[in-house]
Amino acid sequence: MSIWQRYFYKEYLFTIVFLLFSIYGLYVIVDIMAHLKVATDSKSSLLILIEYYFSTFSKRLDVLIPFSILIATIRTLYNFQAKGELVAMLASGISRLELLKPFLIVAASLSLFLYANYEWVLPSALSNIATIAETRFGKEQDTFEIKKPQEVMLQDGSKLIYSSFKRSDKTFHDVFWIRSADSIFHMKTLSCSGTPPCGKWVDEINRNSNGLLETTRSVESYDFMRFDLHALKNSIVAPQELSLWELVKQSWLYFDSSSPRAAEVKAYLVYKLTFPWMCLLAFIAPAPFCMRFTRMMPILMTYLVAIAGLFCMSIVLQTALSIARHQLLAPYFAIGIPWLVALYCF
């Protein structure tokens, strides 16, 4: 690595890190001031607050990193240009693409960092945020009420449908296990606190020789050895809180399903697979304009247009996610179209 490349990496990375923690630091200060009464009245210790904001940092990274890259790209390139360093390097025979290579490597590395955050850090961070908010900030809810029945696709291809879930004892209520078109189990409750899951007040319904479904057996308690306990627990986790690998596995299970849960899983999978590309977009979009040599550099206008453009792209992707979640368009079309338009423009 040459001296000028080390210099570019140093300046660019320092600016990104400085912006990243400065913006998040301001967010923490504003958030604490806005919720000062809740924080002081609750039973939260300093360590709990630190854990909460560390988890929130992981949650906000997909917004903080692209905007830090965008501002750092404009600031660094204009700074090099003001000092005459870009002119000197171009005059020495170094191409523009070669000059921008360190910026591209950093942006691509941060895109991979976002993928790693989605896979290994964010799921536990979101769980910590929910737990702290419920137990420390006085927002505890014992029952997770669901307006519409929810379905869980099991590994053997069967389907579980339930109406609500109680957090305190990890119990599903009013559950149907559809093994096939000819065999159905109905139970009042299904507890997943132990292994194997145990159903209470279970009715076994089978199709008779006349083609009609009828109750053939009723028991007070029944252990469901075939149930995937991990899949049951993941069914109450919102799709945005699942890791990429869990989203891939659930997307495969819900491949032929058109339920609301299936739509959300597929939408968030496509969204999380594509959103880290914002890091590359945040570098590629302003870089050509910052490499133009003019007597009057439009620095302020570049900042305003670039920030507004990235903000609009983020809003468009959020809108596309909502469209995909509500099954108005397939996730690949709803989220893919904005990226195709961005690719066409650049």
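Structure report, in brief. (Residues numbered from 1 in each chain as written. Predicted model: local features only at pLDDT ≥ 70, side-chain atom pairs only at ≥ 80, totals over all residues. Heavy atoms only, no water.)

1. With respect to the overall build of the protein
For step 1, the next point in the chain: A count of helical and extended segments in the protein gives 12 helices and six strands.
For step 2, the next point in the chain: Whereas a compact globule of 346 residues would reach a radius of gyration of roughly 20 Å, the protein reaches 26 Å, over 25% beyond that.
For step 3, the next point in the chain: Taken along the three principal axes of its C-alpha coordinates, the protein extends 90 × 50 × 35 Å.
For step 4, the next point in the chain: In the protein, which comprises 346 residues, the proportion classed as buried is 43%.
For step 5, the next point in the chain: In the protein, once contacts between residues fewer than 6 apart in sequence are set aside, the share between residues at least 24 apart is 62%. (Helix = DSSP H or I, 4+ residues; strand = E, 2+ residues; numbered from the N terminus. Rg over C-alpha atoms; globule rule 2.2 N^0.38 Å. Buried < 20%, exposed > 50% of the residue type's maximum accessible area, 1.4 Å probe, protein only. Contact = heavy atoms within 4.5 Å.)

2. Comments concerning the pattern of salt bridges
For step 1, the next point in the chain: On inspection of all chains with the given rule, the structure shows four salt bridges.
For step 2, the next point in the chain: In this structure, Asp182 engages Arg207 in a salt bridge whose closest nitrogen and oxygen atoms are separated by 2.7 Å. Taken as a pair, Asp182 in the loop between β3 (171-180) and β4 (183-191) and Arg207 in strand β5 (residues 198-207) lie far apart in primary sequence, 25 residues in all.
For step 3, the next point in the chain: Across the pair Arg217 and Glu204 runs a salt bridge whose closest N-O atoms are separated by 2.8 Å. Residue Arg217 is found in strand β6 (residues 213-223), and its partner Glu204 is found in strand β5; the two are separated by 13 residues along the sequence.
For step 4, the next point in the chain: Assessed through its relative accessible area of 14%, Glu204 is described here as buried. (Salt bridge = Lys/Arg side-chain N within 4 Å of Asp/Glu carboxyl O.)

3. What to know about a nonpolar patch on the surface
For step 1, the next point in the chain: Together, Leu328, Leu329, Tyr332, Phe333, Ile337 and Val341 line one region of the surface with nonpolar side chains, adding up to about 660 Å² of accessible area.
For step 2, the next point in the chain: Counting through the fold element by element, Val341 comes out in helix α12 (residues 331-345).
For step 3, the next point in the chain: Residue Val341 is classed as partly exposed on the basis of its relative accessible area, which comes to 46%. (Patch = residues over 30% accessible without salt bridge, like charges linked within 9 Å, V, L, I, M, F, W, Y side chains within 5 Å. Areas by Shrake-Rupley, 256 points an atom, 1.4 Å probe, with all protein chains shown as cover.)

4. A short note on the pairing of β4
For step 1, the next point in the chain: Burial of β4 is extensive: eight of the nine residues sit out of reach of the surface.
For step 2, the next point in the chain: By the bridge criterion, eight bridges tie β3 to β4 in an arrangement that is antiparallel. Each bridged residue has a counterpart across the sheet, and for Phe176 the counterpart in β4 is His186.
For step 3, the next point in the chain: Between the end of β3 and the start of β4, which pair antiparallel, lie two residues.
For step 4, the next point in the chain: Summarising the sheet, β4 and β5 pair through eight bridges and their orientation is antiparallel. Paired with Ser183 across the two strands is Asn206, which belongs to β5.
For step 5, the next point in the chain: Between β4 and β5, which pair antiparallel in sequence order, lie six residues. (Pairing = 2+ DSSP bridges.)

5. Thoughts on the packing of aromatic side chains
For step 1, the next point in the chain: Tallying each qualifying case throughout the model produces 21 aromatic pairs.
For step 2, the next point in the chain: Ring geometry for Phe8 against Phe103: centres 5.8 Å apart, planes inclined by 70°, an arrangement best described as edge-to-face. Residue Phe8 is located in helix α1 (residues 3-34), and its partner Phe103 is located in helix α5 (residues 96-135); the two are separated by 95 residues in the primary sequence.
For step 3, the next point in the chain: The interplanar angle of 70° and the centroid separation of 4.6 Å between the aromatic rings of Tyr162 and Phe172 together place this pair among those described as edge-to-face. One end of the pair, Tyr162, is in strand β2 (residues 159-166); the other, Phe172, is in strand β3, with 10 residues separating them in the sequence.
For step 4, the next point in the chain: Assessed through its relative accessible area of 2%, Tyr162 is described here as buried.
For step 5, the next point in the chain: Judged by its relative accessible area of 0%, Phe172 falls in the buried class. (Phe/Tyr/Trp six-rings, centres within 6.5 Å; stacked < 30°, edge-to-face > 60°.)

6. Considerations on the environment of Tyr118
For step 1, the next point in the chain: Within the secondary structure, Tyr118 is located in helix α5.
For step 2, the next point in the chain: In sequence terms Tyr118 and Ala282 are 164 residues apart; their C-alpha atoms lie 19 Å from each other.
For step 3, the next point in the chain: Discounting chain neighbours no more than four positions away, the residues touching Tyr118 are Asp62, Pro123, Leu242, Ser243, Leu244, Lys272, Phe275 and Pro276.

By themselves, these observations are geometric and do not establish any function.
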